[in-house]
Amino acid sequence: EAAAPAVAGSGEPQVTSEQIAEMVERLAQRLKDKPDDVEGWTMLGRSYMVLNRYAEARTAYERLVRLRPNDASPLADLADAVAMVQNRSLAGEPARLLEQALKLDPNHLKSLALAGTEAFDRKDYLQAARLWERITTLEPADSPMHQQARASADEARRLAGGSTSQANAGRPPTSPPASPSSATNDLSVR
């Protein structure tokens, strides 16, 4: 976000993609001297994800997981990066990482969202619905995350042959389930 281009007409200089890439490279160089900088590794991983440099993001998140092995967030971010390297597939290593993250924090939103998507992709619709339903218990009813999780859970239940929630009964789903995202804070379910 800090490196995002300024709004046109704001009077502030625009940041070019080359300048952003240069800032990311400087951060990577700085981390060679400060290899235990958790915030730096977090920022570097997110920057690489935004730049679609998924293999490098994976490496940054692997380092972060070593620094914070008992934190669900780096595990979820690593799962996301690995999935992107695997052509957006959450099967295999990403699924294992998400399972580990949910053992550490059963209410971790990104882990729930991605694990729900992984279950949906395996056609385990009831498990997907359970995971996405948990998000609805954690987020306020008027939040976009809650609404998206509700719609995703309803779609999964429908595909499993079950009933949907009262709030969305009879309404068609608005979009397909999500795949891993390169957005830094994208916790969207679908």
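Check the entry above for the structure.
Since we're looking at a predicted model, the values are computed, not measured.

1. What to know about the overall build of the protein chain
- Along the backbone of the protein chain there are eight helices and zero strands.
- Classification of the 190 residues of the protein chain by burial places 42% in the buried group.
- When the accessible surface of the protein chain is totalled, it reaches about 10,300 Å², and 51% of it is carbon and sulfur.

2. Digging into the packing of helix H4 (residues 72-85) against helix H6 (residues 109-121)
- Relative to each other, H4 and H6 sit at 35 degrees, their axes nearing to 9 Å. Of the two elements, H4 crosses H6, and the hand of that crossing is left-handed. When H4 is examined against H6, the residues Ala72, Ala76, Asp77 and Asp80 are found in contact with a partner set consisting of Lys110, Ser111 and Leu114.
- Counted by class, the contact of H4 with H6 contains three nonpolar, one polar and three charged residues.

3. A look at unusual backbone geometry
- Of note in the backbone geometry, Asn52 takes a positive phi value of approximately 60 degrees without being a glycine.
- Looking at the element boundaries, Asn52 is found in the loop between helix H2 (38-50) and helix H3 (54-67).
- Of note, the phi angle at Asn87 is positive, near 55 degrees, even though the residue is not glycine.
- Of note, Asn87 is situated in the loop between H4 and helix H5 (93-104).

4. Overview of the nonpolar core
- With 46 residues, the main nonpolar core has Leu44, Met49, Tyr61, Leu98, Trp132, Ile135 and Ala156 as its most contacted residues.
- Sorting the residues of this core by element identifies helix H1 (17-33), H2, H3, H4, H5, H6, helix H7 (125-138) and helix H8 (144-160) as the ones contributing at least two each.
- Ranked by the residues each element gives to this core, the list is headed by H4, at nine residues.

5. Remarks on the pattern of salt bridges
- If you walk through the whole model with that rule in mind, you get 16 salt bridges.
- The partner of Glu118 in a salt bridge is Arg122, with the nearest N and O atoms 2.7 Å apart.
- Given the relative accessible area of 11%, Glu118 is considered buried.
- Judged by relative accessible area, Arg122 falls into the partly exposed class, the value being 47%.
- Asp124 is the salt-bridge partner of Arg122, the closest N and O atoms lying 3.6 Å from each other.
- Each of Glu25, Arg53 and Glu56 takes part in a single network of salt bridges with overlapping partners.

6. Considerations on the environment of Gln127
- As for its placement among the helices and strands, Gln127 is situated in helix H7.
- Between the C-alpha atoms of Gln127 and Thr117, which are ten residues apart in sequence, the distance is 9.7 Å.

7. Points about H7
- For H7, spanning 14 residues, the distance from its first C-alpha to its last is 20 Å, which sits close to the expected 20 Å at 1.5 Å a residue.
- If you check which residues of H7 are buried, you get Tyr125, Ala128, Ala129, Leu131, Trp132, Glu133, Ile135 and Thr136.
- Contacts made by the buried residues of H7 are with H5, H6 and H8.

8. Digging into the packing of aromatic side chains
- Here the structure, examined in full by the defined rule, presents two aromatic pairs.
- An angle of 70 degrees between the planes, with centres 5.1 Å apart, marks the rings of Phe120 and Tyr125 as edge-to-face.
- With a centroid separation of 5.8 Å and 35 degrees between ring planes, the pair formed by Phe120 and Trp132 is classed as tilted. Here the residue Phe120 occupies a position in helix H6, and Trp132 occupies one in helix H7, the gap between them amounting to twelve residues.
- Its relative accessible area of 0% is what places Trp132 among the buried residues.
- Of the aromatic side chains, those joined through ring pairs into one cluster are Phe120, Tyr125 and Trp132.

Rules and cut-offs
- Residues numbered from 1 in each chain as written.
- Predicted model: local features only at pLDDT ≥ 70, side-chain atom pairs only at ≥ 80, totals over all residues.
- Heavy atoms only, no water.
- Helix = DSSP H or I, 4+ residues; strand = E, 2+ residues; numbered from the N terminus.
- Buried < 20%, exposed > 50% of the residue type's maximum accessible area, 1.4 Å probe, protein only.
- Areas by Shrake-Rupley, 256 points an atom, 1.4 Å probe, with all protein chains shown as cover.
- Axes fitted to C-alpha atoms, helices over the stretch in contact; angles between N-to-C directions.
- Left-handed = near helix turned anticlockwise from the far one by under 90°.
- Contact = heavy atoms within 4.5 Å.
- Nonpolar A, V, L, I, M, F, W, Y, C, P; charged D, E, K, R; others polar.
- Core = buried A, V, L, I, M, F, W, Y, C linked by side-chain atoms within 4.5 Å.
- Salt bridge = Lys/Arg side-chain N within 4 Å of Asp/Glu carboxyl O.
- Expected span 1.5 Å × (residues − 1).
- Phe/Tyr/Trp six-rings, centres within 6.5 Å; stacked < 30°, edge-to-face > 60°.

Note that every value here comes from positions in space, so none of it alone points to a role or purpose.
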